[in-house]
Amino acid sequence: MHCLGLKYFNKNQVESILEKAVYFKSTKNYTKSLQDAIVVNMFFENSTRTKTSFEIAALKLGARVVNFDYTKSSLQKGENWIDTITNLNAMHPDFFVTRHAYSGFAYYISQFTQANVINAGDGTNEHPSQALLDLMTMYEHKKDIENLKVCIIGDIINSRVARSHMYLAKMFNWDLSFYGPSTFLPQNIDIKIEKDLKQAISNKDFVILLRIQLERKSGVNIPSLDEYNKFFGIKEPIGAYIMHPGPVNRDVELDSTVYIDRNVLITKQVENGVFVRMAIFDFCMSN
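Analysis parameters
- Residues numbered from 1 in each chain as written.
- Predicted model: local features only at pLDDT ≥ 70, side-chain atom pairs only at ≥ 80, totals over all residues.
- Heavy atoms only, no water.
- Salt bridge = Lys/Arg side-chain N within 4 Å of Asp/Glu carboxyl O.
- Helix = DSSP H or I, 4+ residues; strand = E, 2+ residues; numbered from the N terminus.
- Expected span 1.5 Å × (residues − 1).
- Buried < 20%, exposed > 50% of the residue type's maximum accessible area, 1.4 Å probe, protein only.
- Polar contact = N/O pair within 3.5 Å; in protein donor to acceptor, adjacent residues only side chain to side chain.
- Pairing = 2+ DSSP bridges.
- Lys, Arg positive; Asp, Glu negative; His and termini not counted.
- Contact = heavy atoms within 4.5 Å.
- Core = buried A, V, L, I, M, F, W, Y, C linked by side-chain atoms within 4.5 Å.
- Axes fitted to C-alpha atoms, helices over the stretch in contact; angles between N-to-C directions.
- Arc of directions from axis to C-beta.

Peer 1: It is not clear to me how the pattern of salt bridges should be interpreted in this structure. Could you clarify?
Peer 2: Side-chain pairing between opposite charges can occur once the charged atoms of the two side chains come close. Within this structure, the stated rule accounts for 9 salt bridges. Its salt-bridge partner being Lys25, residue Glu271 comes within 3.9 Å of it at the nearest N-O pair. Of the two residues, Glu271 is situated in helix H10 (residues 266–286) and Lys25 in helix H1 (residues 11–26); the sequence distance between them amounts to 246 residues. Put simply, Asp205 and Lys142 hold a salt bridge, and the shortest N to O gap is 3.2 Å.

Right, here's the structure in full:
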């Protein structure tokens, strides 16, 4: 079974993954459900947390991991994507974990392989494992994932994380809202847009901050990073828990003095990422 995006999952499936992730975190005796399975990591964008945690998750479950380096592959000789995936598929891997700048890339390669494909982020489409590890972190701190009040602040229009959270919001009946510069906000979307920062952070269970995606030219839509921090950055502790998918641009979306506050859950998200990705592997293999 693939994990291409949360739009393909139902609520019961999401709850099953969450339950297994919580179980993995609570026990040291992991079942080797991926014993001798081969996982191919195919990352075409830079990554620290996601790539490393998928690799650690696979190793904990007994898999062997191959890191595909596209800069040294036959793609550099003119081979097309279909031939690349078809050839790798002929070697019979069990999983492809892929990140790519093109939206829909994970779905695309799933058409040319019998292996399970896990989407580790595709363009501005989805980042399902990030949203699921966020969900686990929310569960740990609220003990209930229904009817949460959540505001996402930042570069919404380019955020695959925000899109995946929109699917979770529908599943669990969240009061979800967005806030950021008008150039960062999607148009014609049925999500509440907060009027100002005070409103965005007031009476919320969780505030999720997003970085400005300079690699997607988001920086041209604001006067400067200092200007962004002045009007949209979190500069002091707030009542809500603060989350961030990373990497954090310190003193832009979140001031360094706030980063160490006990309500900032960023390191906890990273920790939970391993267990959630273990659960995703296990879910795909068992289904």
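Peer 1: Would you mind going over helix H6 (residues 160–171) with me for this structure?
Peer 2: For the α-helix, the turn length of 3.6 residues means that residues three or four positions removed from each other point alike. Between its first and last C-alpha atoms H6 spans 17 Å; for 12 residues at 1.5 Å apiece the expected length is 16 Å, and the two agree. Along H6, the residues classified as buried are Arg160, Val161, Ala162, Ser164, His165, Met166, Leu168, Ala169 and Met171. N-cap assignment for H6: the residue whose side-chain oxygen lies 3.3 Å from the backbone N of Val161 is Ser159. Phi turns positive one or two residues past the end of H6, at Asn173, with a value near 55°.

Peer 1: Is there a simple way to explain the sheet that holds strand S8 (residues 206–209) in this structure?
Peer 2: As a general point, the strands of a sheet are linked pairwise by backbone hydrogen bonds and lie either parallel or antiparallel. Spatially, S7-S6-S5-S8-S9 is the arrangement adopted by the 5 strands of the open sheet, whose pairing is parallel. The sheet is open, and its two borders are formed by strand S7 (192–193) and strand S9 (241–243), each paired with just one other strand. Where strand S5 (residues 149–153) lies against S8, 4 bridges are found, and the strand directions are parallel. The partner of Ile152 across the bridge, within S8, is Ile208.

Peer 1: Would you take a moment to explain the side chain of Arg99 for this structure?
Peer 2: Among the structural elements, Arg99 can be located in strand S3 (residues 95–100). Among buried charged residues, Arg99 stands out as having no salt bridge; its nearest opposite-charge side chain is Glu45, 4.5 Å away. A distance of 3.4 Å separates a polar side-chain atom of Arg99 from the backbone oxygen of Asn46. The residues contacting Arg99, other than those within four sequence positions of it, are Met42, Phe43, Phe44, Glu45, Asn46, Ser47, Thr50, Ala120, Gly121, His127 and Arg160.

Peer 1: Where do I start with the environment of Asn87 in this structure?
Peer 2: Mapping Asn87 onto the fold places it in helix H3 (residues 81–89). Side-chain polar atoms of Asn87 contact the backbone oxygen of Asp83, separated by 2.8 Å.

Peer 1: In this structure, what is going on with the nonpolar core? I would like to understand it.
Peer 2: Proteins that are soluble and globular tend to have nonpolar side chains buried together. Grouped together as the largest cluster of nonpolar side chains are 59 residues, with contacts concentrated most on Val14, Ile118, Leu168, Trp174 and Phe281. When residues of this core are assigned to their parent elements, the largest contribution, 9 residues, is made by H10. Look past the residues within four positions of Trp174 in its chain and what remains in contact with it is Leu135, Met138, Ile145, Asn147, Leu148, Val150, His165, Leu168 and Ala169. Phe184, Ile201, Ile242 and Val264 belong to the second largest nonpolar core, which has 23 residues in total.

Peer 1: What's the story with the sheet that holds strand S2 (residues 64–68) in this structure? I'm lost.
Peer 2: Across the sheet, 4 strands lie side by side as S2-S1-S3-S4; this open sheet has parallel pairing. Sheet topology places S2 and strand S4 (116–122) at the edges, where each strand pairs with a single neighbour. Across this sheet, the average inter-strand angle for adjacent strands is 15°, counted without regard to direction. Inspection of the sheet shows strand S1 (residues 38–43) paired to S2 by 5 bridges, in the parallel sense. Along S2, the bridge assignment pairs Val39 with Val65.

Peer 1: Explain H1 here, please?
Peer 2: End to end, H1 covers 23 Å across 16 residues, agreeing with the expected 22 Å (1.5 Å per residue, within 8%). For H1, the set of buried residues is Gln13, Val14, Ile17, Leu18, Ala21 and Phe24. Buried residues along H1 cover an arc of 135° about the axis, so they all sit on one side. Opposite the buried face of H1, by more than 90 degrees, sit the exposed residues Asn12, Glu19 and Ser26. In this structure, the buried residues of H1 make contact with helix H5 (128–142), H6 and H10.

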